[in-house]
Amino acid sequence: MSRMYMFTRYGGPETEELQERPVPEPGPGQLLVEVRAAGVNPSDLKLREGLFGRRHTLPRTLGFEVSGVVAAVGPDVEGYAVGDAVLGPVAPGGGGFADHALVRAREAARKPDGVSFEAAATIPVAGTAAYDLVHQTGLEDGQTVLVLGAGGGVGHLACEIARAGGARVIGVASEGKRELVESTGAAWVTSGDGAADAVRGLAPGGVDLLVDLVGGQPLRDLAPLVTSPDRIVSAADEETATALGGSGRVEDPEALARLVAMVGDGAITPQVSAVYPLERAGEALAAVARGHGKGKTVVVP
Ligand SMILES: NC(=O)c1ccc[n+]([C@@H]2O[C@H](COP(=O)([O-])OP(=O)(O)OC[C@H]3O[C@@H](n4cnc5c(N)ncnc54)[C@H](OP(=O)(O)O)[C@@H]3O)[C@@H](O)[C@H]2O)c1
């Protein structure tokens, strides 16, 4: 049997429960992964609340990204064997807040040696989102990148990825995240009123790319600082970004492999600041729901 943290109907935290179900069988092209860590994302809350539509088969296990050890290999899978340490997004319909999860082999990657399972679990969703946002408009060496929401799960990785890409980075976050933002190599600017003026002080000629993880008015306040509006990219508020002349995230299928290599080389270090046992997955989700995440939150079975 496998423990799975599920939601039973669309709604709030009252719809969540830990259930025991049979261990899933890997289908063609799939890996059965014994989960060691699963990243918690705002998308888990959006799914539970029905914001991704209301046509899912329920109950459904939460958790979109995992790391773990291959426990079984489905038909037509090449290149993976039982015992391999891997990471990846969960297969459609599945969930990662569980003892076991299904991952499509073609979307998986080997966990680099020396990288913890907790850190590896941040790569498939939060990490690739950060990678895409930083690179989708063509980052060039020496450019200035402004990250709004720089202390959160995606934001701190965006700062690190932009730094690794040769950019000068300015990160906007609240005071409590200053140390984390600065540890990425970014210059920290406090969020709220005055953020735009502070960024202007650091980059009088404007910024070459605005990576947004907050949206709404904070995004509108910073948008005039970008030298070209098509270099506003957002994972949080595509509607506002588009209205400003920018865009939402554009997924690059190579992002996962590139990022895994960067984490393996030590060029990027995901910051996991909160680890919850599976029985307390609800507390992990509640912490992320407060919207002021610091680094990344993960659940471990
Ligand atoms: N499309 C995709 O594939 C994809 C993938 C991953 C994430 N996302 C989206 O990206 C967004 C960020 O995700 P995440 O995992 O990084 O979330 P997170 O860890 O909760 O971080 C969000 C950050 O936003 C900051 N923030 C909140 N309100 C703010 C405000 N008024 N002004 C300035 N900063 C504010 C918070 O920092 P402070 O506490 O310092 O204010 C927090 O660190 C979410 O909307 C998520 O759904 C999309």
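So, how was this worked out
- Residues numbered from 1 in each chain as written.
- Predicted model: local features only at pLDDT ≥ 70, side-chain atom pairs only at ≥ 80, totals over all residues.
- Heavy atoms only, no water.
- Helix = DSSP H or I, 4+ residues; strand = E, 2+ residues; numbered from the N terminus.
- Rg over C-alpha atoms; globule rule 2.2 N^0.38 Å.
- Buried < 20%, exposed > 50% of the residue type's maximum accessible area, 1.4 Å probe, protein only.
- Contact = heavy atoms within 4.5 Å.
- Areas by Shrake-Rupley, 256 points an atom, 1.4 Å probe, with all protein chains shown as cover.
- Lys, Arg positive; Asp, Glu negative; His and termini not counted.
- Charge placed at Lys NZ, Arg CZ, Asp CG, Glu CD.
- Domains from an automatic or database assignment.
- Buried area = accessible area lost by both parts, 1.4 Å probe.
- Salt bridge = Lys/Arg side-chain N within 4 Å of Asp/Glu carboxyl O.
- Polar contact = N/O pair within 3.5 Å; in protein donor to acceptor, adjacent residues only side chain to side chain.
- Near = heavy atom within 4 Å.
- Nonpolar A, V, L, I, M, F, W, Y, C, P; charged D, E, K, R; others polar.
- Axes fitted to C-alpha atoms, helices over the stretch in contact; angles between N-to-C directions.
- Parallel < 35°, antiparallel > 145°, perpendicular 65-115°, else oblique.
- Left-handed = near helix turned anticlockwise from the far one by under 90°.
- Core = buried A, V, L, I, M, F, W, Y, C linked by side-chain atoms within 4.5 Å.

Here's the deal with the overall build of the chain
Item 1. Helix and strand content of the chain: ten helices and 16 strands.
Item 2. Over its C-alpha trace the chain gives a radius of gyration of 19 Å, about what one expects of a compact globule, namely 19 Å for 301 residues.
Item 3. Across its three principal axes, the chain shows a C-alpha extent of roughly 60 × 40 × 30 Å.
Item 4. Here the chain holds 301 residues, and 54% of them are scored as buried.
Item 5. Considering only residue pairs separated by 6 or more positions, the chain has 66% of its internal contacts joining residues 24 or more positions apart.
Item 6. Of the accessible surface of the chain, which amounts to about 12700 Å², a share of 48% is contributed by carbon and sulfur atoms.
Item 7. For the chain, the centre of its 26 positive side-chain charges and the centre of its 38 negative side-chain charges are spaced 3 Å apart.

Here's the deal with the environment of Ala257
Item 1. Here Ala257 shows up in helix 9 (residues 255-265).
Item 2. The exposure class of Ala257 is partly exposed, given its relative accessible area of 45%.
Item 3. Sequence spacing of Ala257 and Leu47 is 210 residues, and the spatial spacing of their C-alpha atoms is 26 Å.

Here we look at the domain arrangement of the chain
Item 1. For the chain, the assigned domains read domain 1 (2-122 + 270-299) and domain 2 (126-248).
Item 2. Centre-to-centre, using C-alpha coordinates, domain 1 lies 27 Å away from domain 2.
Item 3. Contact residues are listed per partner, giving ten residues for domain 1 and eleven residues for domain 2.
Item 4. At the boundary of domain 1 with domain 2, total buried surface from both sides reaches about 810 Å², with 51% on carbon and sulfur atoms.
Item 5. Contact with domain 2 buries area across many residues of domain 1, yet Gln271, Lys294 and Gly295 alone supply 48% of it, more than any other trio.
Item 6. Joining domain 1 to domain 2, the criterion identifies zero salt bridges.
Item 7. In this assembly, domain 1 and domain 2 are joined by seven residue pairs in polar contact (both at pLDDT 80 or more).

Digging into the site of the ligand
Item 1. The environment of the ligand is formed by 20 residues, the closest being Lys46, Ser174, Lys177, Arg249 and His292.
Item 2. Class assignment for the residues of the shell around the ligand results in nine nonpolar, eight polar and three charged.
Item 3. Looking at which domains feed residues into the shell around the ligand, each of domain 1 (2-122 + 270-299) and domain 2 (126-248) supplies at least three.

Description of the packing of helix 3 (residues 123-135) against helix 4 (residues 155-164)
Item 1. Their axes nearest at 8 Å, the elements helix 3 and helix 4 cross at an angle of 50°. If you check the angle between helix 3 and helix 4, you find them oblique. Our pair here, helix 3 against helix 4, has a crossing hand that is right-handed. Here Ala126, Gly127, Ala130, Tyr131, Val134 and His135 of helix 3 lie close against helix 4, whose contacting residues are Leu157, Ala158, Ile161 and Ala162.

Quick look at the pattern of salt bridges
Item 1. All told, the structure shown has 13 salt bridges when counted by the stated rule.
Item 2. Between Arg178 and Glu182 there is a salt bridge, with the nearest N and O atoms lying 3.1 Å from each other. Taken together, the residues span about one helical turn, with Arg178 and Glu182 both in helix 5 (residues 178-183) at a distance of four residues.
Item 3. We classify Glu182 as partly exposed; its relative accessible area is 36%.
Item 4. Note that Arg258 is salt-bridged to Asp252, the shortest N-O span being 3.1 Å.
Item 5. For Arg258, a relative accessible area of 39% gives the class partly exposed.
Item 6. Bridged by salt links that share partners, the residues Arg3, Asp99 and Glu279 form one connected network.

Describing helix 1 (residues 42-49)
Item 1. Along helix 1, the positions that sit buried rather than exposed are Ser43, Asp44, Leu45, Leu47 and Arg48.
Item 2. The secondary structure elements touched by the buried residues of helix 1 are strand 1 (2-7), strand 2 (16-21), strand 3 (30-39), strand 4 (60-61) and helix 10 (281-289).
Item 3. Note on helix 1: the residue one or two positions beyond its end, Gly50, has a positive phi of about 85°.

Structural notes on helix 4
Item 1. Counted residue by residue, helix 4 has eight buried out of ten residues, so it is predominantly covered.
Item 2. Within helix 4, burial applies to Gly155, His156, Leu157, Ala158, Cys159, Glu160, Ile161 and Ala162.
Item 3. Once helix 4 finishes, Gly166 follows within two positions and takes phi at roughly 90°, a positive value.

As for the nonpolar core
Item 1. In this structure, Val145, Val147, Ile161 and Val211 are the most contacted members of the largest nonpolar core, which totals 38 residues.
Item 2. Secondary-structure elements contributing two or more residues to this core are helix 2 (117-120), helix 3, strand 9 (144-148), helix 4, strand 10 (168-173), strand 12 (209-212) and helix 9.
Item 3. With seven residues, helix 3 is the largest single contributor of residues to this core.
Item 4. Split by domain, the residues of this core number at least three in each of domain 1 (2-122 + 270-299) and domain 2 (126-248).
Item 5. Those residues in contact with Ile161 that lie beyond four places of it in its chain are Gly127, Ala130, Tyr131, Val134, His135, Leu259 and Ile268.
Item 6. Counting residues in each nonpolar core, the second largest holds 32 residues, with Leu47, Val66, Val90 and Leu285 among its members.

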